[in-house]
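Commentary on secondary and tertiary structure
Here is what each chain is made of, one letter per residue.
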Amino acid sequence: MATSTDRHPLFIPLVLVGGLIFGFGLGYSHMARPEVVLNFLQFEDFGLLFVMFGGAAVTGIVFFVMPRVLDRAPLTGDPFERRLKSFDRNVLIGGAIFGVGWGLSGICPGAAYASLGIGNVTILWALAGMFIGACLQGWWRSRATDGVDPSPTGAD
């Protein structure tokens, strides 16, 4: 696996440009507005469903085509391969926590930054909760793996 020093010099700038395009798309499609997300979760507006299916379709096509066109990722040099991760208790608990947070705040992590970009300052409460949750999860995981090699596995 490539380390951060092995990456192409354009890796970080292209990630930033991709994030800006993603955030602009969320803002333009109104998916960065919590009320739109909450209307979707209450089965009142299905626009978010079309945005998610569109993103999934593009991702599926790229994941299908790119390994057949290139043998390695152009910016990292990593081989294209599936990352398998087991479906276990941690996935269920994490998914439940994510879902509750999504339902309470009306926003997911990526859209929260885009929401801040369109002037929704109250989203800072949700972002603070995300940071606190990430810190707690990191602390919990490091406490649970004391004495175990913390290097990432193929699924991390």
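Just so it is clear, the structure is predicted and the values come from calculations on it, not from any experiment. (Residues numbered from 1 in each chain as written. Predicted model: local features only at pLDDT ≥ 70, side-chain atom pairs only at ≥ 80, totals over all residues. Heavy atoms only, no water.)

**Here we look at the UniProt feature "transmembrane region" (unreviewed entry) in the protein**
The UniProt record marks residues 9–28, 48–70, 91–116 and 122–140 with the feature "transmembrane region" (unreviewed entry), using the residue numbering of this structure. End C-alpha to end C-alpha, residues 91–116 measures 28 Å, and it is 88% helix and 0% strand. (UniProt positions renumbered as here; feature names shortened; annotations may be inferred. Helix = DSSP H or I, 4+ residues; strand = E, 2+ residues; numbered from the N terminus.)

**With respect to the environment of L20**
Among the structural elements, L20 can be located in helix α1 (residues 11–28). As for L20 and A114, which are separated by 94 residues in sequence, their C-alpha atoms are 8.8 Å apart.

**Re a nonpolar patch on the surface**
A contiguous nonpolar surface patch, about 540 Å² in accessible area, is contributed by I61, F64, V65, V69, L70 and F80. With relative accessibility at 36%, the residue V65 sits in the partly exposed group. (Patch = residues over 30% accessible without salt bridge, like charges linked within 9 Å, V, L, I, M, F, W, Y side chains within 5 Å. Areas by Shrake-Rupley, 256 points an atom, 1.4 Å probe, with all protein chains shown as cover. Salt bridge = Lys/Arg side-chain N within 4 Å of Asp/Glu carboxyl O. Buried < 20%, exposed > 50% of the residue type's maximum accessible area, 1.4 Å probe, protein only.)

**Focus on the nonpolar core**
The nonpolar side chains of a soluble globular protein tend to be buried, and buried together. Counting residues in hydrophobic clusters, the biggest one holds 15 residues, and the most contacted among them are L26, M31, L48, W102, I107, A112 and I123. Looking at this core, the elements with two or more residues in it are α2 (34–41), α5 (109–117) and α6 (123–144). If we skip the residues at most four places from it in the chain, I123 touches P34, I107, A112, S115 and L116. (Core = buried A, V, L, I, M, F, W, Y, C linked by side-chain atoms within 4.5 Å. Contact = heavy atoms within 4.5 Å.)

**What about α2?**
Looking at α2, one finds that the buried residues are P34, V36, V37 and F40. All buried residues of α2 fall inside an arc of 160° around its axis, so they share one side. One or two residues past the end of α2 sits F43, with phi positive at roughly 60°. (Arc of directions from axis to C-beta.)

**Some thoughts on the pattern of salt bridges**
Within this structure, the stated rule accounts for 1 salt bridge. We note a salt bridge from E35 to R33, for which the minimum N-O separation is 2.8 Å. A residue is classified by how much of its surface remains accessible, and R33, at 30% relative accessible area, is partly exposed.

**Brief notes about the packing of α1 against α5**
In contact at an axis separation of 9 Å, α1 and α5 are set at 75° when each is read in the N-to-C sense. By the criterion of interaxial angle, the relationship of α1 to α5 is roughly perpendicular. Packed against α1, whose contacting residues are F22, G23 and L26, the element α5 presents G110, A111 and A114 at the interface. Classifying every residue of the contact of α1 with α5 gives 4 nonpolar, 2 polar and no charged. (Axes fitted to C-alpha atoms, helices over the stretch in contact; angles between N-to-C directions. Parallel < 35°, antiparallel > 145°, perpendicular 65-115°, else oblique. Nonpolar A, V, L, I, M, F, W, Y, C, P; charged D, E, K, R; others polar.)

**Concerning the side chain of N120**
By secondary structure assignment, the location of N120 is in the loop between α5 and α6. Residue classification places N120 among the buried positions, given a relative accessible area of 18%. A polar atom in the side chain of N120 sits 2.8 Å from the side chain of T122. (Polar contact = N/O pair within 3.5 Å; in protein donor to acceptor, adjacent residues only side chain to side chain.)

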